[in-house]
Structure formats: C-alpha cells, structure tokens
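# Descriptive structure summary
So you can see what is in the structure, the chains are spelled out below.
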Amino acid sequence: MKDPLAFLLLLQVGLLLLGGGGMLLLGFPLGPKGPWLDLGVAGGLFLLLFGLEALFSRLFPASFKEAEALHRELGRALRRGGLGPTALLFLALLSALGEEVFFRGFLQSLLAGWVGGWGVLLQALLFALFHPAPRAAWAYPLYTGVAGLLFGLAYALSGSLLPGVLAHFLHNARGFYEMARAP
C-alpha cells in the first residue's frame, strides 16, 4: 500500500457515494427523526462501543494486542503521509459517514426488504468482513461484527443514521487520536 491515506479516502468516498446513491434511488430515508433523541441514542451507542471494546480486550487480550499493533502501524503510515489532527478528524468523519450510509442506510435497508429483521444481522456480518484482520487478531472482526449489530439496531430503532454516524465518528476519532500520539 503506497499511499494509505489515498486508499482510505477513496474507499470511504466510494462507500458514501454507493450507499447514498442507492438510498436515494431506492427511496430509503436519509434524515434524522428528532435531534434530541438522536443525540441521546448516539451517546448511549458510543458508551456501548467503549464498553464493548473494553470487554473484548479483557476476554481476548492477545488478539486485541495484535489488532492494536496493526492500528499502530496504520497510524505510523498516516503520520508518514503528513496527516495532522485536522486531517485525522476529517478521515474519522468520512469513514463514519461512508460506512453508516453504506452498511446501515443502504445495505441494511435493502436486506430488510428481502429478509426482514435478518437484515440487521446480515449487514453486521458484512461489516465484520469489511474489517479483516490476520489470524492472530481474530477477535477484531468479531468485535466489529457486534459493533455493526449495535449500529444496525440503533438505525432500526431510531429510523435515523445520525446516531450511528455520531457514535461511529467519536469512536473513530478516539482511535485516530490514539494512533496519532502513539510512538
């Protein structure tokens, strides 16, 4: 991977365009339902993600240490690419927006039309497959699958992408911050 930033940007913009375009073409709802409800759901979802990460790191310490090593390597590659805090925040927002629009807004809505409630589970499985890891970090895709399930449930229950986007952004921003300050 010559330029990890270019790859990540192209990937996330592609997900955003594909998911947003699919949502518009198929008439899936885009907007928030109620700002206070959305903010409350987003805050709760972020806390659940934080707790889930702590639980997985305790249950599967060796696997999560391996995943952290991969994240540190990504952080080094992004720093070598000259990324500062503002660019990392932008990348955190773009990845949250792209992944939520594609996986929850488009894919989950599409799957729910075909298989009903199983759509939430299927999009979570695909979300986990989108976050692969080497065999030693096997718990990371499991973690992202459970996180995808939480994001999917938040979307299904609230009818809005905003809680997932906000919680996903905060989670990614915290991760990118940790990557940026790692030695």
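Look above for the structure.
Let me sum up the structure you'll find in this document. (Residues numbered from 1 in each chain as written. Predicted model: local features only at pLDDT ≥ 70, side-chain atom pairs only at ≥ 80, totals over all residues. Heavy atoms only, no water.)

## Quick word on the packing of aromatic side chains
This structure, assessed with the given rule, holds 12 aromatic pairs. Look at Phe-64 and Tyr-143: their rings are 5.7 Å apart centre to centre, the planes differ by 85°, and that puts the pair in the edge-to-face class. On the criterion of sequence distance, the pair formed by Phe-64 in helix H3 (residues 61-80) and Tyr-143 in helix H6 (residues 139-158) is long-range, its members being 79 residues apart. Ring plane angle 80° and centroid distance 5.2 Å describe the contact between Phe-103 and Phe-127, whose orientation is recorded as edge-to-face. You can see Phe-103 sitting in helix H4 (residues 85-115) and its partner Phe-127 sitting in helix H5 (residues 118-129), a full 24 residues away along the chain. Of the residues examined, Phe-103 reaches a relative accessible area of 3% and is grouped as buried. Stacked on the ring of Phe-127, the Lys or Arg Arg-104 has its end atom at 4.4 Å from the ring centre. (Phe/Tyr/Trp six-rings, centres within 6.5 Å; stacked < 30°, edge-to-face > 60°. Helix = DSSP H or I, 4+ residues; strand = E, 2+ residues; numbered from the N terminus. Buried < 20%, exposed > 50% of the residue type's maximum accessible area, 1.4 Å probe, protein only. Lys NZ or Arg CZ within 6 Å of the ring centre and 35° of its normal.)

## Focus on the packing of H4 against helix H7 (residues 162-181)
Between H4 and H7, the least distance of the axes is 8 Å, while the angle of their chain directions is 140°. Regarding the angle of H4 to H7, the classification is oblique. By crossing handedness, the relation of H4 to H7 is classed as right-handed. Contacts between H4 and H7 pair Leu-88, Leu-89, Leu-91, Ala-92, Leu-93, Ser-95, Ala-96, Leu-97, Glu-99, Glu-100 and Arg-104 from the former with Gly-164, Val-165, His-168, Phe-169, Asn-172, Ala-173, Phe-176 and Ala-180 from the latter. The residue makeup of the contact of H4 with H7, split by class, is 12 nonpolar, four polar and three charged. (Axes fitted to C-alpha atoms, helices over the stretch in contact; angles between N-to-C directions. Parallel < 35°, antiparallel > 145°, perpendicular 65-115°, else oblique. Left-handed = near helix turned anticlockwise from the far one by under 90°. Contact = heavy atoms within 4.5 Å. Nonpolar A, V, L, I, M, F, W, Y, C, P; charged D, E, K, R; others polar.)

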